[in-house]
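# Overview (structure and organization)
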Amino acid sequence: MAKVPVQFTLNGTEKAEFIDSGTTLLHALRDKIGDTSPKGGCHQGTCGACSVIIDGELRLSCLTLAETCNGTAITTTSGLSEGGVLHPLQRAFLDAFATQCGFCTPGMIMAAKVLLDHTPTPSRDEVVEALSGNICRCTGYEPIIQAVLTAARSNSQHAA
Amino acid sequence: MELRKNYFADQRKDDLHEIGQPRPRSDSPGHVTGKTAYFADRNFPGMLHLKMVRSPHHHARIRSINTSEAEKHPGVVKILTAKDVPHNVYTILILIQIGPEDETVLADGKVRWKGEAVVAVLAETERAAQEAAAKVKVDYEVLPAVFDMEEALKPGAPVVNEYHGQNYYLYDSGECRKVRFGDVEAGFAGADHILEQTYQSSPIEHAPTETTGCVVVPEGNDRFTCYTNTQAMFFTLDNASIILQMPGSKLHFVGGTVGGGFGGKVDVIVEPIAILGAKLTGRPVSFIYSREEEMQISSPRAAEKVVIKDGVMKDGRIVARKVTGYTDAGAYSRHSPYGAQKGAGHYPGPYTIPNVWIDTYCVYTNRTPSSAMRGFGVTIGDFALEVQMDKLARLIGMDPLEFRFINAYRDGDMKAHRQPTEGAALIECMQEASRAANWPVAEKYLAMSSYTKGA
Ligand code: FES
Ligand code: FES
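What you see is a predicted model; the values in this text were computed from it and never measured. (Residues numbered from 1 in each chain as written. Chains lettered and ligands numbered in written order. Predicted model: local features only at pLDDT ≥ 70, side-chain atom pairs only at ≥ 80, totals over all residues. Heavy atoms only, no water.)

### Description of the overall build of chain A
Of regular secondary structure, chain A possesses five helices and five strands. For chain A, the succession of helices and strands along the chain, N to C, is β-β-α-β-β-β-α-α-α-α. Since a compact globule built from 160 residues should have a radius of gyration of about 15 Å, the 16 Å found for chain A is in line with a globular shape. Viewed in the frame of its principal axes, chain A has a C-alpha envelope of about 50 × 35 × 25 Å. Taking all 160 residues of chain A together, 46% fall into the buried category. The long-range share in chain A, meaning contacts at least 24 apart out of those at least 6 apart in sequence, stands at 54%. Entry remark: accessible area of chain A is about 7,200 Å², with carbon and sulfur atoms responsible for 51%. (Helix = DSSP H or I, 4+ residues; strand = E, 2+ residues; numbered from the N terminus. Rg over C-alpha atoms; globule rule 2.2 N^0.38 Å. Buried < 20%, exposed > 50% of the residue type's maximum accessible area, 1.4 Å probe, protein only. Contact = heavy atoms within 4.5 Å. Areas by Shrake-Rupley, 256 points an atom, 1.4 Å probe, with all protein chains shown as cover.)

Here is the structure:
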């Protein structure tokens, strides 16, 4: 099968690959580029574990064809910490015990980041709504909601 | 919530420096940075993908299997059937001498549940494996199936699993696990009230966010490294060793973080066939359940049926309890004979009852094999017996919590399965619960202790 080229930035770094047409962004990231932070929990758009940020928008990488991402800027959870310092969301997830098995965590953090980027001080309802596409089978969600609210508070203190 | 510290004050130290302190978990930094390595995060050059051809029938004889079209499909490297598996008939608990071996790795001559693995296809890509699997032709003769436990136990029901010969697990105690304590009929005869109720549950899927799977790599030294999300590492290694007739020293199992298990990843299903595939092709093999397989194929918690008959006195004492429990193992044993046995010991609950009669059956049906899940064997039983406790309290017009104080087991009480009660602490738990939940009980119950009878 003829390969197609794809080129985008991943967490600020230029990436270029030749892929089979029809390859999902999830497979391209995990199996070609080697960023395994997005997880495949269903490969059918129902669990949110594969969530990434494309040009500022939350996307399910299992339902996104890699070849449609040419020229975009993609962010994944593996690119959030800077110089070994955790992003406030990562810190809050850690402190709030918002991870158990951790499989949903990278996707949750992506969804939370897009929320806080658009709505820096969300209400609890807005947090619940923003995470509603992400399934967690371990934590019961409450610590995750608290982590996002805590990160939002620390952000606003930081800005003040 | 502040819990009172006067319970068991003589047995506790107050200079604990870990308990009550928030301590970071060692694995969380990996989780929040995406660095934690799950089995599927391993990718190897030349890795093959395994897909299963599964039975579309609940119960059928296999007349023939034709793989010739599938073999020609581009990208297909190897196709495995029952004859390729060195020791095809196995059972997980054989490691602790609980037989007979009753399950096939790949179906041989017969399928006993809808979804059973029949043929394994290994191909260069997932897509090629999937497409080729669709080209495998299996000729089935559909047999009558049985889905209901009571139907399965009736004479003349279709026999689900010939390795057992009858539709129940044969314990050393006979057709069921039995507990006999006191004289249950005399207890009923002397009771003020009798209440008999039936409780039922459906199978429950664990639905972990990460699906079941493994990645196997043939190493240069003739060994196989198996990256797996099993929750039962050595059970899996030892069973793989039996199934493959390969010494355990040839198998290097690498576990680590499981992306949600809840008991759903303790069966030995994906590893042996993936290792066999790696052995016969000399290439790394990945076998990962799709979400559909996780929901439909992986073992659920067993469906259960529990019939509880209690004799109770007007003053609140339960004087007799008779329980018949049924655990739906599905087509194969897996961990269910053990689950049903646990129920037998558990049905009196944390209560002291002088006359007890318990029978628990592990029943075979043509449903998806069930297995472990969080407290299997006792969880559904707890639901049933605590609902029964509320109904009994209502029957005699008593507060449900006070009713439990009256029947609570205390240190020194003999349990129906002949284990003396030690370190019960149930009375104290309920005292604290009554306070914390603001559900007041009479003063005499607050004066009770697990250490002493009476009062
Ligand atoms: S893997 Fe994309 S939503 Fe589940
Ligand atoms: S922590 Fe396990 S799925 Fe969320």
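### Details of the overall build of chain B
Each helix and strand counted, chain B has 13 helices and 17 strands in total. By its C-alpha atoms, chain B is 80 × 60 × 35 Å across when sized along the principal axes. In chain B, buried positions account for 54% of the 455 residues. Contacts in chain B between residues at least 24 apart in sequence constitute 78% of all its contacts with a sequence separation of at least 6. Of the roughly 19,800 Å² that chain B leaves accessible, carbon and sulfur atoms contribute 53%. Looking at charge distribution, chain B has the averaged site of its 51 positive side-chain charges lying 1 Å from that of its 56 negative ones. (Lys, Arg positive; Asp, Glu negative; His and termini not counted. Charge placed at Lys NZ, Arg CZ, Asp CG, Glu CD.)

### With respect to the interface of chain A and chain B
Contact with chain A, which involves 27 residues of that partner, is made by 27 residues of chain B. For the chain A and chain B pair, buried surface summed over both sides reaches about 2,200 Å², with 56% attributable to carbon and sulfur atoms. Three residues, A:Cys101, A:Phe103 and A:Arg137, lead the burial of chain A against chain B; their summed loss comes to 26% of the area buried on that side. Between the two partners, chain A and chain B, sit two salt bridges. Between A:Arg30 and B:Asp41 there is a salt bridge, with the nearest N and O atoms lying 2.8 Å from each other. Summed over the shared surface of chain A and chain B, the result is 16 residue pairs in polar contact (both at pLDDT 80 or more). Looking at the side of chain A that touches chain B, the elements with two or more residues in it are α1 (25-33), α2 (88-95) and α3 (105-118) of chain A. (Buried area = accessible area lost by both parts, 1.4 Å probe. Salt bridge = Lys/Arg side-chain N within 4 Å of Asp/Glu carboxyl O. Polar contact = N/O pair within 3.5 Å; in protein donor to acceptor, adjacent residues only side chain to side chain.)

### A few points about the pattern of salt bridges
Oppositely charged side chains are able to pair whenever their charged atoms sit close together. Overall, the coordinates contain 31 salt bridges over all chains when judged by the stated rule. We note a salt bridge from B:Asp390 to B:Arg404, for which the minimum N-O separation is 2.8 Å. On the criterion of sequence distance, the pair formed by B:Asp390 in helix α10 (residues 379-395) and B:Arg404 in helix α11 (residues 400-407) is long-range, its members being 14 residues apart. Residue classification places B:Asp390 among the partly exposed residues on the basis of a relative accessible area of 31%. Through salt bridges with shared partners, a single network forms among A:Arg30, A:Lys39 and B:Asp41.

### Concerning the domain arrangement of chain B
Residues and elements named next belong to chain B. Assigned domains of chain B: these are domain 1 (48-142 + 207-296) and domain 2 (177-204 + 300-446). Its C-alpha centre places domain 1 at a distance of 39 Å from the equivalent point of domain 2. Listed per partner, the contact involves 19 residues of domain 1 and 15 residues of domain 2. Taken together, both faces of the contact between domain 1 and domain 2 bury some 1,500 Å²; the carbon and sulfur share is 55%. By the criterion of area lost to domain 2, the three top residues of domain 1 are Leu93, Trp113 and Phe262, representing 34% of everything that side buries. Counting across the domain 1 and domain 2 interface gives two salt bridges. The interface formed by domain 1 and domain 2 includes nine residue pairs in polar contact (both at pLDDT 80 or more). Taken together, the residues of the side of domain 1 that touches domain 2 sort by class into seven nonpolar, seven polar and five charged. (Domains from an automatic or database assignment. Nonpolar A, V, L, I, M, F, W, Y, C, P; charged D, E, K, R; others polar.)

### A closer look at unusual backbone geometry
Of all residues except glycine, most have a negative phi; of all peptide bonds, most are trans. Put simply, B:Gly99 and B:Pro100 share a cis peptide bond, and its omega is 0°. In this fold, B:Pro100 is placed in the loop between β4 (89-90) and β5 (103-104). Positive phi values are uncommon outside glycine, yet A:Tyr141 reaches one of about 70°. By relative accessible area, A:Tyr141 is classed as partly exposed at 33%. Residue B:Asp222 is not a glycine yet carries a positive backbone phi of 75°. Mapping B:Asp222 onto the fold places it in the loop between β11 (213-218) and β12 (224-228). Classification of B:Asp222 by relative accessible area gives partly exposed; the value is 49%.

### Some remarks on the environment of B:Gly282
All names here are of chain B. Within the secondary structure, glycine 282 is located in the loop between α7 (270-281) and β14 (285-288). Once the C-alpha coordinates of glycine 282 and proline 218 are considered, the two residues, 64 residues apart in sequence, prove to be 6.2 Å apart. Those residues in contact with glycine 282, other than ones at most four positions away along the chain, are Pro218 and Gly277.

### So, the pairing of strand β15 (residues 304-312) of chain B
All names here are of chain B. Of all the nine residues making up β15, eight are buried; the element is thus mostly covered by neighbouring parts of the structure. Relative to β15, strand β10 (residues 193-201) is paired through nine bridges, and the arrangement is antiparallel. Bridge assignment links tyrosine 199 to a residue of β15, and that residue is valine 306. Two elements, β15 and strand β16 (residues 318-330), share nine bridges in a ladder whose sense is antiparallel. If you follow lysine 309 over to β16, its bridge partner there is lysine 322. (Pairing = 2+ DSSP bridges.)

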